[in-house]
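The primary structure of each chain is shown beneath.
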Amino acid sequence: MEQKMSVQNREEEKEVLEEKGEQRTARRKRSQEENQEENQEEAFNLSPDDDDEDLTDSEDSQFSGLEDSGSDDEDQDEEGRSQQEENREEEYEGDSSDEEDIRNTVGNIPMEWYKDFPHIGYNLDGKKIYKPIRNKDELDQFLDKMENPEYWRTVHDPQTGSDIVLSDEQVALVNRLQRGQFGDVKFNEYEPTVEFFSSDVMIHPVTNRPADKRSFIPSLTEKEKVSKLVHAIKMGWIKPRRTENTSGQYYDLWASEDSSLLSRHRMHLPAPKIPLPGHEESYNPPPEYLFTEEEKSLWEQQDPMDRKLPFIPKTFSSLRQVPAFPRFIHERFERCLDLYLCPRQRKMRVNVNPEDLIPKLPKPKDLQPFPTTQSLVYRGHGSLIRSISVSPSGQWLVSGSDDGSVRFWEVCSSRCMKTVQVGRPVKSVAWNPNPSLSLVAVALDSVVLILAPSLADKQVTLASEQLLSGTQEEEPPSEGSGSAVWTEAEGDELNQWIRLKIQHLKAVHQVTWHAKGDYLASVMPDNTSNLQVLIHQVSRRRSQNPFSRNKGLVQCVSFHPIRPYFFMATQRYVRIYNLVKQEMTKKLQTNSKWVSSMAIHPGGDHVICGSYDCKLSWFDLDLSTKPYRMLRHHKKAVRSVAYHRKYPLFASASDDGSVIVCHGTVYSDLLQNPLIVPVKVLRGHVTTHDLGVLSVTFHPTQPWIFSSGADATIRLFT
């Protein structure tokens with residue numbers, strides 16, 4: 001129904017527009033016919049006014065002397081007035097001024113200023129001229145364009161807001177102006193010029209006025225000005241210009257430095273002076289300046305560029321016996337070559353205080369708390385300790401050593417609570433970061449062990465056992481599913497807190513947990529295959545390979561603390577992957593030869609990487625893919641780096657036996673760069689077999705730091 005109604009409305013509008021168009025064409029025809037009739041009457045002089053004028057003239061001639069004089073005067077006045085009015089009308093009919101329409105008195109201003117107002121200007125009486133109501137939409141304009149024959153000559157007047165239809169004369173005028181012709185049709189641009197002033201000398205002058213007196217008497221004002229100038233020249237206030245003769249002047253290019261011509265050159269550089277002659281150039285030098293036979297033979301064997309002296313000193317009894325210098329002309333020529341071939345450039349030296357170039361850093365006292373002193377030493381391992389990890393509560397510490405044992409320590413008392421013998425060197429240990437679980441992952445050779453230490457309360461222990469008791473789901477074989485085999489521990493292994501074993505195809509070097517505690521990533525560095533990283537889900541006991549292609553030798557991996565991102569560090573690059581979209585989002589250039597370790601800031605927007613070439617790189621992920629700051633504080637390879645979860649601290653451990661703690665404040669304002677200040681160097685580990693500190697980690701709640709080294713000790717700094 002609505003469509004039918006809209007069609008009927010459009011048809012009615014169309015009919016109305018057609019009727020209006022017919023009425024306009026009829027009016028135009030009538031006006032054209034009337035104009036033709038008027039032209040014909042003017043051509044044949046058939047106007048009735050002329051006949052009336054003839055009659056009145058004849059009547060005046062007949063009755064000119066019979067009527068009263070007073071009435072004749074009044075009639076003559078009325079006739080004069082009417083004739084003046086007719087003359088005025090005729091005068092204004094021929095007026096063709098180009099002035100704008102003066103009905104709107106706003107002046108020459110942009111009419112856009114009135115677009116937000118209901119009126120468009122003011123008339124001569126100061127009243128508002130309101131805009132005409134324009135309800136035409138684009139459809140009405142299109143219909144008007146299609147059906148209105150006068151649409152092409154309709155112009156919108158911005159002064160009054162109305163549409164004006166141009167006449168034929170106005171259209172012709174516009175066309176002439178567009179073609180670059182004159183607006184007036186009758187104007188002849190090629191008519192001959194009128195010489196207002198002829199070149200012929202006139203016999204009689206235009207005016208016969210006698211010449212002025214000032215034309216033949218000297219001016220007194222000019223005399224006064226000339227006398228003033230003469231007085232100024234005599235007193236020396238005005239000096240005449242001196243003409244400089246610049247032709248034919250030659251000067252020595254390397255003359256004295258205070259030459260007036262050379263001093264004009266702003267960048268003039270004086271030539272270096274020849275060193276003054278010494279004792280060896282004397283005609284009778286002291287005997288110690290004379291060459292021996294060995295020195296003479298050595299001088300002859302040397303290259304001329306390497307000789308200290310270009311000649312051999314000789315002695316003469318008197319100055320008259322000194323012969324001419326054979327290389328004099330040659331030496332002068334070389335001097336000139338050196339002077340004009342050697343480029344001389346002025347270096348603009350800036351006097352800068354070296355202390356001003358050092359950045360203004362806050363004092364370490366203002367950046368406390370941070371670890372400063374060694375408090376405890378955990379002893380018990382028999383070989384180097386490669387990895388340590390702290391429980392989420394901060395009460396327990398786990399360590400893995402090359403002596404084939406995993407030890408659990410109480411942090412406050414440094415007492416060993418449990419020793420788990422695994423029989424093979426332990427490469428990596430990681431405590432589950434979820435505080436509601438008590439699980440530890442241990443990597444040794446090609447096996448990853450999942451331990452459930454009963455060191456927490458009953459609820460946490462039960463939750464851990466419940467997570468590990470999940471059955472392995474039967475799923476279709478996916479990529480990486482056959483690369484890891486899950487088995488449960490049996491017998492004595494259960495007494496050792498071992499619950500699960502994950503058998504890999506290659507040796508595992510690192511294990512790391514996801515923040516929620518259900519996912520575990522393991523690294524198997526091998527440059528020949530794409531099976532280097534596996535992600536395990538403990539609750540479903542399944543493993544998967546996230547990468548289908550080999551990206552290089554993988555060194556370490558890490559999960560983003562908040563977002564679903566995965567960080568993978570190869571020898572030279574750190575790649576960041578989006579686990580939801582399954583694509584690489586960024587590729588960080590470490591500018592180092594071999595990455596050794598990596599840590600992610602708790603906020604997730606900053607990363608630090610340690611490398612074996614003694615560098616520590618800080619990356620701002622929002623800023624660039626290149627390092628924001630490179631720290632070269634260590635003298636040997638950087639083995640481990642770590643961030644603190646709560647405090648603005650990060651640390652790096654090196655083979656030089658030191659742990660450097662740095663303050664790193666990250667601001668919420670994105671325009672402000674992070675503040676990185678080294679605050680403390682912690683020493684205590686003994687370098688053994690060129691190995692120093694191998695692992696470092698912070699306490700989860702306190703500003704304490706744990707470090708393990710090749711000297712088989714763990715040290716706590718508080």
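Not measured: the values here are computed from a predicted model.

Break down the overall build of the chain for me, with residues and values.
Within the chain, the secondary structure is distributed over 12 helices and 33 strands. Going through the 718 residues of the chain one by one, you find that 32% of them count as buried. Partitioning the intrachain contacts of the chain with sequence separation of at least 6 by distance along the chain shows that 48% fall at a separation of at least 24. Carbon and sulfur atoms make up 51% of the accessible area of the chain, which totals about 50,400 Å².

Got a sec to walk through the nonpolar core? Specific residues and values, please.
In this structure, Ile450, Val511, Trp513 and Leu520 are the most contacted members of the largest nonpolar core, which totals 22 residues. Secondary-structure elements contributing two or more residues to this core are β11 (440-444), β12 (447-451), α11 (458-468), β13 (484-488), β14 (498-504) and β15 (510-513). In this structure, Val511 is in contact with Ser428, Val429, Ala430, Ala441, Ala443, Val448, Leu520, Ala521 and Ser522, ignoring residues within four places of it in sequence. Core analysis: the second largest hydrophobic core is formed by 19 residues, Trp396, Val406, Leu449 and Leu455 among them.

Residue-level account of the side chain of Ser596, with values.
Along the polypeptide, Ser596 turns up in strand β23 (residues 595-600). Its relative accessible area of 12% is what places Ser596 among the buried residues. For Ser596, the side chain forms a polar contact with the main-chain oxygen of Val638, separated by 2.5 Å. Every residue in contact with Ser596, bar those within four places of it in the chain, is listed here: Cys556, Gly610, Ser611, Tyr612, Val638 and Arg639.

I'd like a description of the pairing of β14, backed by residues and values.
When you tally the buried positions in β14, you get five out of seven residues, the bulk of the element. The pairing of β12 with β14 spans five bridges and is antiparallel. Residue pairing in the sheet places Val448 in a bridge with Ile502 of β14. Alignment of β13 against β14, held across five bridges, turns out to be antiparallel. Residue pairing for β14: Trp486 is matched across the bridge by Ile502.

Please set out helix α6 (residues 220-235) residue by residue, giving values where relevant.
Over its 16 residues, α6 extends 23 Å from the first C-alpha to the last, a length consistent with the 22 Å expected when each residue adds 1.5 Å. For α6, a buried count of one out of 16 residues is recorded, marking the element as mostly open to its surroundings.

Describe the environment of Thr315, listing the residues and the values that go with them.
Within the secondary structure, Thr315 is located in the loop between α8 (293-301) and α9 (328-341). Residue classification places Thr315 among the partly exposed residues on the basis of a relative accessible area of 41%. Between the C-alpha atoms of Thr315 and Glu280, which are 35 residues apart in sequence, the distance is 9.6 Å. With near-sequence residues (within four places) excluded, Thr315 lies in contact with Tyr283, Asn284, Pro285 and Leu290. Only 2.8 Å separates the side chain of Thr315 from the side chain of Asn284, close enough to count as a polar contact.

I'd like a description of the packing of aromatic side chains, backed by residues and values.
Tallied over the full model, the rule gives 13 aromatic pairs. Ring geometry for Phe408 versus Trp431: centroids 5.8 Å apart, planes at 85°, classification edge-to-face. One end of the pair, Phe408, is in strand β8 (residues 405-410); the other, Trp431, is in strand β10 (residues 428-431), with 23 residues separating them in the sequence. An aromatic cluster of at least three residues, connected via ring pairs, comprises Phe547, Phe559, Phe566 and Tyr577. Stacked on the ring of Trp299, the Lys or Arg Arg307 has its end atom at 4.0 Å from the ring centre. The ring of Tyr573 has Lys587 lying over it, and the distance from NZ or CZ to the ring centre is 4.3 Å.

Could you give an account of α11, with specific residues and numbers?
By the burial criterion, the buried members of α11 are Val460, Ser464, Leu467 and Leu468. When α11 is viewed along its axis, its buried side chains cluster within an angular range of 95° and face the same direction. Set apart from the buried face of α11 by more than 90 degrees, the exposed residues are Lys458, Gln459, Leu462 and Gln466. In this fold, the buried residues of α11 make contact with β12 and β14.

Give me the sheet that holds β15: which residues, what numbers.
Strand order across the open sheet formed by four strands is β15-β16-β17-β18, with antiparallel pairing between neighbours. If you trace the sheet from one side to the other, it starts and ends with β15 and β18 (542-544), each paired once. With direction set aside, neighbouring strand axes in the sheet form an average angle of 25°. Of the pairings in the sheet, the one linking β15 to strand β16 (residues 519-523) comprises four bridges and is antiparallel in character. Its bridge partner being in β16, Trp513 is matched across the sheet by Leu520.

Which residues make up the side chain of Ser438, and what values go with them?
You can see Ser438 is positioned in the loop between β10 and β11. The exposure class assigned to Ser438 is buried, which follows from its relative accessible area of 4%. Within the local environment of Ser438, its side chain forms a polar contact with the backbone oxygen of Pro453, the two atoms lying 3.1 Å apart. Residues in contact with Ser438, not counting those within four places in the same chain, are Trp431, Leu451, Ala452, Pro453, Ala456, Val460 and Ser464.

Which residues make up the pattern of salt bridges, and what values go with them?
Counted under the stated rule, the structure contains 14 salt bridges. Close ionic contact of Arg153 with Asp168 constitutes a salt bridge, the shortest N to O distance being 2.8 Å. Here the residue Arg153 occupies a position in the loop between α4 (138-147) and β3 (154-156), and Asp168 occupies one in helix α5 (residues 168-178), the gap between them amounting to 15 residues. On the basis of relative accessibility, which here comes to 14%, the residue Arg153 falls in the buried class. For Asp168, a relative accessible area of 48% puts it in the partly exposed group. Of the charged contacts, one joins Arg214 and Asp212 as a salt bridge, the two residues approaching to 3.3 Å between their closest N and O atoms. What makes Arg214 exposed here is its relative accessible area of 70%. The structure contains a network of salt bridges with shared partners spanning Glu150, Arg153 and Asp168.

Help me get a handle on the pairing of strand β24 (residues 606-611), residues and values and all.
Of all the six residues making up β24, six are buried; the element is thus mostly covered by neighbouring parts of the structure. Across the two faces of β24 the burial is the same, with His606, Ile608 and Gly610 and Val607, Cys609 and Ser611 all buried. Here β23 pairs with β24 via five bridges, running antiparallel. The partner of Val595 across the bridge, within β24, is Ser611. Between the antiparallel neighbours β23 and β24 lie five residues, among them Gly604 with a positive phi of about 90°. Where β24 and strand β25 (residues 616-620) come together, five bridges link them in antiparallel fashion. What sits directly across from Cys609, in β25, is Ser617. Between the end of β24 and the start of β25, which pair antiparallel, lie four residues, with Cys614 showing a positive phi angle near 70°.

Scoring rules and cut-offs
- Residues numbered from 1 in each chain as written.
- Predicted model: local features only at pLDDT ≥ 70, side-chain atom pairs only at ≥ 80, totals over all residues.
- Heavy atoms only, no water.
- Helix = DSSP H or I, 4+ residues; strand = E, 2+ residues; numbered from the N terminus.
- Buried < 20%, exposed > 50% of the residue type's maximum accessible area, 1.4 Å probe, protein only.
- Contact = heavy atoms within 4.5 Å.
- Areas by Shrake-Rupley, 256 points an atom, 1.4 Å probe, with all protein chains shown as cover.
- Core = buried A, V, L, I, M, F, W, Y, C linked by side-chain atoms within 4.5 Å.
- Polar contact = N/O pair within 3.5 Å; in protein donor to acceptor, adjacent residues only side chain to side chain.
- Pairing = 2+ DSSP bridges.
- Expected span 1.5 Å × (residues − 1).
- Phe/Tyr/Trp six-rings, centres within 6.5 Å; stacked < 30°, edge-to-face > 60°.
- Lys NZ or Arg CZ within 6 Å of the ring centre and 35° of its normal.
- Arc of directions from axis to C-beta.
- Axes fitted to C-alpha atoms, helices over the stretch in contact; angles between N-to-C directions.
- Salt bridge = Lys/Arg side-chain N within 4 Å of Asp/Glu carboxyl O.

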